[in-house]
Amino acid sequence: MNFDDFPVSALMEITTRPPVVFVRGEGSWLWDHADKRYLDFVQGWAVNCMGHSPEAITSALIEQSRKLITPSPAFFNEPSMRLAQRIVEHSCLQRVFFTNSGAEANEGAIKLARKWGALNKNGAYEIITFDDSFHGRTLATMSASGKPQFQALFEPKVKGFPKAKLNDLASVERLISDQTVGVMLEPILGESGVVLATDKFMQDLRALTQQRGLLLIADEIQTGVGRTGKLWGYEHSAVEPDIMTLGKGLGGGVPLAALVAKENVSCFVPGDQGGTFNGNPLMAAVGCAVMDAVLAPGFLEEVQARGDYLVKGLSALSGKYELGEVRGRGLLIAMELKRDIASKVVELALDNGLLLNPPRPDLLRFMPALNVSTEEIDTMLEILDDNLSRAIGS
């Protein structure tokens, strides 16, 4: 089947897509409608943590679909309780509410924080967020985000999200008022170029929020579930958030996310929060399979080892072509190009069977499967080397 034979015009245009239709995937590889193979270092923006169509996930889907798909969130189901218990046992938090997307989880975190503020801080509702942050595409989460491209969209925004500067504690302090209920941040700003909140900043921010009686909300949509080499991104700085949100890797490719909170913050009562498909057993069974894989002995150590290997290879290319910083944690890595050639590199890579992500014109982001092999990393580096040479020389 040729690309022109597909009913492309039936889809609403929300992004620019290349003339490629993917039809199957396995591990780190995808095949398109013409049976061309691609090495995937995007993995749905860090979603497919176990790669494409892994046996553990397909088996969980098949087995659970034969038992029960959804009984309504008005009733208990076993897989959702099992997954919630895994998250609680391996985190510093005690209560879980499942959602279908990271944006929905963050929306829930905002609502939970505002409810907590209404009960405990005389109606305080403002949540300090950060410049260049990204928390989702609902109206409230776009308002909470500090992404410059969102500023003029869908006005008027939801009020209550003053913006501080990451790694600048004084900028946070200046924004605190009697209307402040909490601070929300990503341990690593992914969309703005894999910018890390330093461990000291995280520790100082936790101390400040505790001193001022504010909630600390960790948006771990991208950094959670092993992406950084630890199960949760907050573990690197040894702080404990009051609320954490999960998504992307939690479902390993299916729509699954979660709002997780400490017991003393979990103030929703029946009727405050809900959702038709939230916590359905089909998705929860997949989440259990993902958590089992990530928690297996030695898995997270391998993620860190692969991340170190990737950084070493990218650093060599950066030195070869006089590029910029290579940074990140685990298998969430960025490389600065020092010139606006990211789109050109990505275009050349696509032609050569490699999928890469350019979150900024001068930067590439790498989010392979957490079980990517060193051989696949070597293949990626070889293709990237050629693409950089051609893009810089053009």
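Conventions adopted
- Within each chain, residue numbers correspond to sequence positions counted from 1 in written order.
- The predicted origin of the model limits local features to residues at a pLDDT of at least 70 and limits the giving and counting of side-chain atom pairs to 80 or more, whereas totals for whole chains, interfaces and linings rest on all residues.
- With hydrogens and water stripped out, all remaining heavy atoms of the structure feed into the side-chain values.
- Axis definition: a line fit to C-alpha positions, over the contact stretch in the case of helices; interaxial angles, taken between N-to-C directions, run 0 to 180 degrees.
- Numbering of helices and strands runs from the N terminus; a helix is a DSSP stretch of H or I covering at least four residues, while a strand is a stretch of E covering at least two.
- Each crossing gets its hand from how the near helix is turned against the far one by less than a right angle, where anticlockwise is left-handed and clockwise is right-handed.
- Contacts between residues were defined by any pair of non-hydrogen atoms, one from each residue, lying within 4.5 Å.
- Only Asp, Glu, Lys and Arg are considered charged, only Ala, Val, Leu, Ile, Met, Phe, Trp, Tyr, Cys and Pro nonpolar, and every remaining residue, Gly among them, polar.
- Put plainly, a pocket is an open set of points on a 1 Å grid over the protein atoms alone with protein on both sides within 12 Å along at least five of seven lines, a cavity is a set where a 1.4 Å probe fits but cannot get out, and a lining residue has an atom within 4 Å of a point.
- Grid points are joined across faces, edges and corners, and a volume is the space filled by probe spheres set on the points.
- When accessible area is computed with a 1.4 Å probe and restricted to protein chains, residues below 20% of their type maximum are described as buried, those above 50% as exposed, and intermediate ones as partly exposed.
- Aromatic pairs are defined between Phe, Tyr and Trp rings, using the six-membered ring for Trp, whenever the two ring centres lie within 6.5 Å; interplanar angles under 30 degrees are classed as stacked, those over 60 as edge-to-face, and all others as tilted.
- Comment: the charge-over-ring label is applied if NZ (Lys) or CZ (Arg) is within 6 Å of the ring centre and within 35 degrees of the ring normal.

A. Molecular detail of the packing of helix α3 (residues 78-89) against helix α8 (residues 281-294). Two numbers describe how α3 lies on α8: the axes approach to 8 Å, and their chain directions differ by 35°. α8 is crossed by α3, and the crossing has left-handed handedness. Across the interface between the two elements, P79, S80, R82, L83, R86 and I87 from α3 touch P281, A284, A285, G287, C288, M291 and D292 from α8. Here the residues of the contact of α3 with α8 sort into eight nonpolar, two polar and three charged.

B. Quick look at empty space enclosed by the protein. Applying the stated criterion to the full structure yields two cavities of 30 Å³ or more. Each pocket or cavity is described by its volume, and for the largest cavity that value is around 70 Å³. Forming the boundary of the largest cavity are P187, I188, A197, D199, M202, T228, G233, Y234, H236, S237 and R329. Across the lining of the largest cavity, the residue classes tally to five nonpolar, four polar and two charged. Taken together, A46, C49, Q222, G224, V225, G226, R227, G249 and L370 make up the full set of residues lining the second largest cavity. Among the residues making up the lining of the second largest cavity, the classes are represented as four nonpolar, four polar and one charged.

C. Region of the structure containing the environment of G253. Residue placement: G253 occurs in the loop between β11 (243-246) and β12 (257-261). By relative accessible area, which is 42% here, G253 ends up partly exposed. When sequence neighbours within four positions are dropped, the list of residues in contact with G253 reads V47 and N48.

D. How the structure looks around the packing of aromatic side chains. Throughout the structure, instances matching the rule amount to three aromatic pairs. Aromatic pair F134 and F150: ring centres 5.8 Å apart, planes at 50°, arrangement tilted. One end of the pair, F134, is in the loop between β5 (126-130) and α5 (139-144); the other, F150, is in the loop between α5 and β6 (163-164), and 16 residues separate them in sequence. For F150, a relative accessible area of 4% puts it in the buried group. Lying over the aromatic face of W31, R24 brings its terminal NZ or CZ to 4.1 Å of the ring centre. For the cation-ring pair, R37 lies above W29, with the distance from its terminal atom to the ring centre recorded as 3.6 Å.

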